[in-house]
Amino acid sequence: MGFQPIMEESVFRFDCSGNDRSRAYPSLSFTDPKVRDTPHMDMVHNVPTYIPTFECLDTQQIITIELPTGTSLYGTGEVSGQLERTGKRVFTWNTDAWGYGSGTTSLYQSHPWVLAVLPNGETLGVLADTTQRCEIDLRKESTIKIKAPAPYPVITFGPFDSPTAVLQTLSHAIGTVFMPPKWSLGYHQCRWSYDSDSRVLEVARTFREKRIPCDVLWMDIDYMDGFRCFTFDKERFSQPKTLVNELHHNGFKAIWMLDPGIKREEGYFVYDSGSVNDVWVQKADGQPFVGEVWPGPCVFPDYTQEKTRLWWANLVKDFVANGVDGIWNDMNEPAVFKTVTKTMPESNIHRGDTEVGGRQNHSHYHNVYGMLMARSTFEGMKLGNEKKRPFVLTRAGFIGSQRYAATWTGDNLADWEHLHMSVPMVLQLGLSGQPLSGPDIGGFAGDATPKLYGRWMGVGSMFPFCRGHSEKGTTDHEPWSFGKECEEVCRLALLRRYRFIHHIYTLFYLSHTKGIPVAAPTFFADPKDPKLRSIENSFLLGPLLVHASTFRDQGSDGFLHVLPKGIWLSFDFDDSHPDLPTLFLKGGSIIPVGPPVQHVDEANATDDLSLIVALDQHGKAEGVLYEDEGDGYEFNEGGYLLTYYAAELQSSVVTVNVSKAEGSWTRPKRHLHVQLLLGGGAMVDAWGIDGEVLQIKMPSDPEISNLISTSQEQYKNRIECAKQIPDVEEISRSKGVELSKTPVELKNSDWALKIVPWIGGRMISMQHLPSGTQWLHSRVEVDGYEEYSGVEYRSAGCSEEYTVIERTVGLAGEEEDSLSLEGDIGGGLVLERQISIPNNDPKVIQIDSGIIARNVGAGSGGYSRLVCLRVHPVFTLLHPTEVFVSFISINGSKHELWPESVDTLFEGDLRPNGEWILFDKCLGIGLVNQFNVNEVYKCMVHWGTGTVNLELWSEERPVSKESPLIISHQYEVRPI
């Protein structure tokens, strides 16, 4: 039995049963009821160009689509790592992925969608219509392979002439982004947490005093009474309405967090009403499931039921009455503490309504739980105020979530890798139907440096969603927290954003009505050009090209700007700086620009309007400006103004006029400032009245040359005179290195390691390059690869200062790439560690650890206190339900330990016989840890939340200079 086309007009559905499964779960996943009956596209093919092949193995359905050599693959939603996805594999399983890395395969959202750009620039979209865990395997060049529980339809879109056309067609199936309130496109400042209303107001006052634009302040979970949703702390946030009124008076909006975990506590009104209405997710035995989250034991609403969504929406409605402007849905994968899987059991029961799939276990609804929560929150905000547009931000989501909520890229790290990844991550979400996204600017986990924060604000200010955020325990991360130089860069960056609000808001209107992305990869300007397809340091906002440096040692003025074919003219606002992106406008384009304001509502419709114009090779340009009240729904009834501007060069005169207008709004009486770009940053300008014809006399060729020369000299002077943000991350790679949080990297063809020569000296990253897997990923301060010097947990060794003793770079002819560290653990003892990747065996990581007696007094007989060397790596479980530890003991017995196992200690002949393996069934590989059994006296397995410790213990005894404690061991990856 082969695949059968189930749908016409360039959109095709297939499944291996031959049945029409075109809409198994219409309100859950893809089809938007408001748009599903509309025509798909004007471009129609009678048959699909690329027919999938399939296999049905046991309960799994495997779809394979082979495309022409040279095809580039994108999409797959919220994913880390590179923009072009060839060589990558992801698993759609919403996961609380704090501190994820470039090799993490499951993040907070699931988008079973691939966008394939063929060698000739034509584009095809492939959507797996399943809510269950799905493997998207793009490791084979020009091949899409999808594996998920059977049966499920596969929907293909196109091929069409451009990727934009495919995304427009996709929007007819999954819906377009909600129309955001205009204020939500300003800058947002957040922290976990601003711990009191007085601190919130202090932050607000500082923004205004320092003239740094900002529209929104955020309240994380600490505003609540004991983390109980829909409550306020009686001391620190005792008068939320008063707080909000003062924020509103100063031009700020307030957004508050709501999590799904509801504290199980009789007398708490949310728990009591939910229990009366029987809205909780159940265990298999019919009792409410209880899981640990921030408040302690919690129950979880079952959003698959309409009665639950209405119950939640009414709670939100009452909550909004406190002056709440927006709501932040966090922890809604759903995240559950003290479980290896980080979520609730897959055997839990959701009693879904028939139209969304009916009664199913959690594995069926897991990936849409967050989207359904966001939908309920969105609908509750509309109930609270039908004249305002809701603003909801959700961490977890599914393809189609953009109808209800914005999103961000989760708990990233304050490092340069995550700054660089933020560009492709935002772009991939846009290529998967979610245009309203952005990262935590500056990084959520860890302390940003001034240079990192300023550079991140430079590029982050141009993302569709622009928010700074940081976690507890980090230094302050407001724009003024990193010195005057960084503060000025942040001010310039955000003033730029507010100048572009007209343009960004227009792009969102077009995205809302047509389904086109707001931020798009550079290759969208010329899909046929293969050189553009992997560019990750620039992106498009409509015809505006943003070129940013995301590398520490290189400012935007120091690298070659790769431009698409055609005319691209640079410009700025006399604000160029090495830490700000370089801006280019495509020839043939006009973009609207407004005055620099401190918040969106400070602007008026009668303010001067600027148009930046770049003529094409024919001397023409066009552009569009969308305007409405900035909130509410009058625009659905025609209450807006959509203006199409045109410019044309004839007889040395450029004429600018309104070519067409739509909407019932009367054009505001305002001045029009037209800036005509000439190249090299030069421009000529003229003033007029908006709506009237305006003419600019074109300078002669010699005059243009002089203007360009002058402009380039002024740009050079601005760059040279710019106050540089100090770089405080200097680190020597030689002997005697200073303490630093900057990782030292060891890398070869198989492994990329990062070791921090700081507190604990821990290895924080252990990436296997051939398989693209990250086995060990942690924060700088805790977890990762650690070593202890005692039998008690977190004994000396994990919190001492480590320094680099020697760093050897494995160049040609040298033995290995290695790093030697040591930490003083007191009493004349040091904990010494050498990490190396031998050139003669690049598949292996070799680690030699020891407790050495350096200065033990003679009065002790030359012996130290009683010590025990414990090797304590915290490995990341990429697929917590599909991993296990396996080994054969010295006595020949076989052992398999799964995440449900209790902590297990193996001694004597029960110890692994020199080797144990951490298997990942999803990936089909295992991490092998080999060691000398004569040095290891105990082995322990401890399962954590999404992690596992494979501990090696030495014997417990005193050491001397002649008798150290040593454990030598190594790691490698093998296929199962």
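Comment text from UniProt for the chain, heading Sequence similarities (unreviewed entry), reads "Belongs to the glycosyl hydrolase 31 family."

**Q** How do you make sense of the overall build of the chain when you look at a structure like this?
**A** What the chain contains, in helices and strands, is eleven helices and 57 strands. For 976 residues, the compact-globule formula gives about 30 Å, and the C-alpha radius of gyration of the chain, at 29 Å, lands near that figure. Counting only C-alpha atoms, the chain reaches 95 × 65 × 65 Å along its principal axes. When contacts within the chain are restricted to residue pairs at least 6 apart in sequence, long-range pairs at least 24 apart make up 68% of them. Within the structure as shown, the chain displays about 35,300 Å² of accessible surface, and the carbon and sulfur contribution to it stands at 48%.

**Q** Any chance you could explain the pattern of salt bridges here in plain terms?
**A** Once the charged atoms of two side chains with opposite charge are near each other, the side chains can pair. Under the definition given, this model contains 48 salt bridges. Residues Arg-455 and Asp-579 are paired through a salt bridge, measuring 2.7 Å at the closest nitrogen-oxygen approach. On the criterion of sequence distance, the pair formed by Arg-455 in helix H8 (residues 450-460) and Asp-579 in the loop between strand E30 (568-571) and strand E31 (582-586) is long-range, its members being 124 residues apart. On the accessibility criterion, Asp-579 (2% relative accessible area) is buried. For Arg-762, the salt bridge is made with Glu-786, and the minimal N-O distance between the two is 2.5 Å. On the criterion of sequence distance, the pair formed by Arg-762 in the loop between strand E41 (751-755) and strand E42 (763-768) and Glu-786 in strand E44 (residues 785-788) is long-range, its members being 24 residues apart. By the burial criterion, Arg-762 is buried, and Glu-786 matches it. Within this structure, Asp-96, Asp-330, Glu-333, Arg-395 and Asp-411 form a network of salt bridges that share partners.

**Q** It is not clear to me how empty space enclosed by the protein should be interpreted in this structure. Could you clarify?
**A** The gaps of empty space that remain are located by a probe, the size of a water molecule, rolled over the atoms. What the rule picks out here adds up to five cavities of 30 Å³ or more. Of the voids in this model, the largest cavity is the one considered here, and its volume is about 110 Å³. Lining the largest cavity are 16 residues, and of these Leu-167, Ser-171, Gly-433, Pro-435 and Gly-515 lie nearest its centre. In terms of residue count, helix H1 (residues 163-174) provides more of the lining of the largest cavity than any other element does, four residues in total. Across the lining of the largest cavity, the residue classes tally to seven nonpolar, nine polar and no charged. Roughly 90 Å³ of volume is contained in the second largest cavity. For the lining of the second largest cavity, the secondary structure elements donating two or more residues are strand E5 (89-92) and strand E6 (109-110).

**Q** I tried to follow helix H7 (residues 416-431) on my own but got confused; where do I start?
**A** The α-helix advances 3.6 residues per turn, and as a result positions three or four apart in sequence lie on the same side. Here H7 is 16 residues long and its end C-alpha atoms lie 24 Å apart, about the 22 Å a rise of 1.5 Å per residue gives. Helix geometry: H7 is bent most strongly at Ser-422, by close to 30 degrees, with proline Pro-424 lying one to four residues after it. Across the 16 residues of H7, 15 count as buried, placing the element largely inside the fold. Trailing H7 by a residue or two, Gly-433 shows a phi angle of about 95 degrees, which is positive.

**Q** How should the sheet that holds strand E15 (residues 262-263) be read in this particular structure?
**A** Strand pairing in a sheet takes place through backbone hydrogen bonds and is either antiparallel or parallel in direction. Strand order in the open sheet formed by three strands is E15-E17-E16, with antiparallel pairing between adjacent strands. Of all the strands in the sheet, just E15 and strand E16 (291-293) have a single pairing partner and so form its edges. Inspection of the sheet shows E16 paired to strand E17 (residues 296-299) by three bridges, in the antiparallel sense. Counterpart to Glu-292 in the pairing with E17 is Pro-297.

**Q** What exactly am I supposed to notice about the packing of aromatic side chains here?
**A** Aromatic rings in a pair are described by how distant their centres are and how their planes are angled relative to each other. Taken as a whole and judged by the stated rule, the model has 50 aromatic pairs. Arranged with centres 6.4 Å apart and planes meeting at 80 degrees, the rings of Phe-500 and Phe-571 form a pair that is edge-to-face. Of the two residues, Phe-500 is situated in the loop between helix H9 (484-499) and helix H10 (501-514) and Phe-571 in strand E30; the sequence distance between them amounts to 71 residues. Look at Phe-500 and you get buried, because its relative accessible area is 1%. You can call Phe-571 buried: its relative accessible area is 4%. An aromatic cluster of at least three residues, connected via ring pairs, comprises Tyr-223, Phe-230, Phe-232, Phe-237, Trp-256, Tyr-271, Trp-280, Tyr-303, Trp-311, Trp-312, Phe-319 and Tyr-369.

**Q** I keep staring at the pairing of strand E8 (residues 123-128) and nothing clicks. Help me out?
**A** Of all six residues in E8, six are buried; the element is thus mostly enclosed. Here E8 shows two buried faces, one formed by Thr-123, Gly-125 and Leu-127 and the other by Leu-124, Val-126 and Ala-128. Sheet analysis places strand E7 (residues 113-117) next to E8, joined by five bridges and oriented antiparallel. By the bridge assignment for E8, Val-117 is matched with Thr-123.

**Q** Looking at this structure, I do not really get H8. What am I missing?
**A** For H8, a buried count of eleven out of eleven residues is recorded, marking the element as mostly surrounded by other parts of the structure. Looking only at H8, the buried set comprises Pro-450, Lys-451, Leu-452, Tyr-453, Gly-454, Arg-455, Trp-456, Met-457, Gly-458, Val-459 and Gly-460. Looking at the buried positions of H8, the neighbouring elements they touch are strand E12 (187-189), H7, strand E25 (440-441), strand E26 (466-468), H9 and strand E28 (538-541).

**Q** Is there a simple way to think about the packing of H8 against H9 in this case?
**A** Direction vectors running N to C along H8 and H9 enclose 5 degrees, while the axes themselves pass 8 Å from each other. Classed by the angle they form, the pair H8 and H9 counts as roughly parallel. Contact residues: Pro-450, Tyr-453, Gly-454, Met-457, Gly-458 and Gly-460 in H8; Cys-486, Val-489, Cys-490, Ala-493, Leu-494 and Arg-497 in H9. Taken together, the residues of the contact of H8 with H9 break down into eight nonpolar, three polar and one charged.

**Q** Just checking my understanding: could you explain the confidence of the model for the chain for this structure?
**A** If pLDDT is low for a region, its predicted coordinates should not be looked at in detail. Across the chain, the average pLDDT comes to 90, with 92% of residues at 70 or higher. In the model, residues 1-10 has pLDDT below 50 throughout and makes 36 contacts with residues more than four positions away in sequence or in other chains. In the model, residues 17-48 has pLDDT below 50 throughout and makes 89 contacts with residues more than four positions away in sequence or in other chains.

**Q** Sorry, what's going on with the state of the cysteines here?
**A** Disulfide: a covalent bond formed between the sulfur atoms of two cysteine residues. If you walk through the whole model with that rule in mind, you get zero disulfides. With no disulfide partner, Cys-214 has as its closest neighbouring cysteine sulfur the one in Cys-466, 9.1 Å distant. On the accessibility criterion, Cys-214 (0% relative accessible area) is buried. This cysteine, Cys-721, is not joined by any disulfide, and Cys-486 carries the nearest cysteine sulfur, 20 Å off.

**Q** Explanation requested: the UniProt feature "domain: Glycoside hydrolase family 31 TIM barrel" (unreviewed entry) in the chain in the structure shown.
**A** Cross-referencing UniProt, the feature "domain: Glycoside hydrolase family 31 TIM barrel" (unreviewed entry) maps to residues 178-507 in the present numbering. Within residues 178-507, the helical portion is 36% and the strand portion 14%, while the C-alpha atoms at the span's ends are 13 Å from each other.

**Q** Hey, could you run me through the sheet that holds strand E23 (residues 406-408) in this one?
**A** Taking strand neighbours across the sheet as the criterion, the nine strands line up as E24-E23-E21-E18-E14-E13-E12-E26-E25 in an open arrangement whose pairing is parallel. Two strands in the sheet have a free side with no partner beyond their single neighbour: strand E24 (437-438) and E25. Note that E23 and E24 share two bridges and pair parallel. Each bridged residue has a counterpart across the sheet, and for Trp-408 the counterpart in E24 is Gly-438. The sheet strands contacting helix H2 (residues 197-209) are E12 and strand E13 (216-219), and the helix crosses E13 at an angle near 160 degrees. Of the strands in this sheet, strand E14 (253-258) and strand E18 (326-329) touch helix H5 (residues 306-320), which is tilted by about 145 degrees from E14.

Parameters at a glance
Residues numbered from 1 in each chain as written. Predicted model: local features only at pLDDT ≥ 70, side-chain atom pairs only at ≥ 80, totals over all residues. Heavy atoms only, no water. UniProt positions renumbered as here; feature names shortened; annotations may be inferred. Helix = DSSP H or I, 4+ residues; strand = E, 2+ residues; numbered from the N terminus. Rg over C-alpha atoms; globule rule 2.2 N^0.38 Å. Contact = heavy atoms within 4.5 Å. Areas by Shrake-Rupley, 256 points an atom, 1.4 Å probe, with all protein chains shown as cover. Salt bridge = Lys/Arg side-chain N within 4 Å of Asp/Glu carboxyl O. Buried < 20%, exposed > 50% of the residue type's maximum accessible area, 1.4 Å probe, protein only. 1 Å grid on protein atoms, 1.4 Å probe; cavity = no way out; pocket = protein on both sides within 12 Å on 5 of 7 lines; lining within 4 Å. Points joined across faces, edges and corners; volume = space filled by probe spheres on them. Nonpolar A, V, L, I, M, F, W, Y, C, P; charged D, E, K, R; others polar. Expected span 1.5 Å × (residues − 1). Bend = angle between axes of the 7 residues up to and from the residue. Pairing = 2+ DSSP bridges. Phe/Tyr/Trp six-rings, centres within 6.5 Å; stacked < 30°, edge-to-face > 60°. Axes fitted to C-alpha atoms, helices over the stretch in contact; angles between N-to-C directions. Parallel < 35°, antiparallel > 145°, perpendicular 65-115°, else oblique. pLDDT = per-residue confidence, 0-100. Disulfide = S-S within 2.5 Å.

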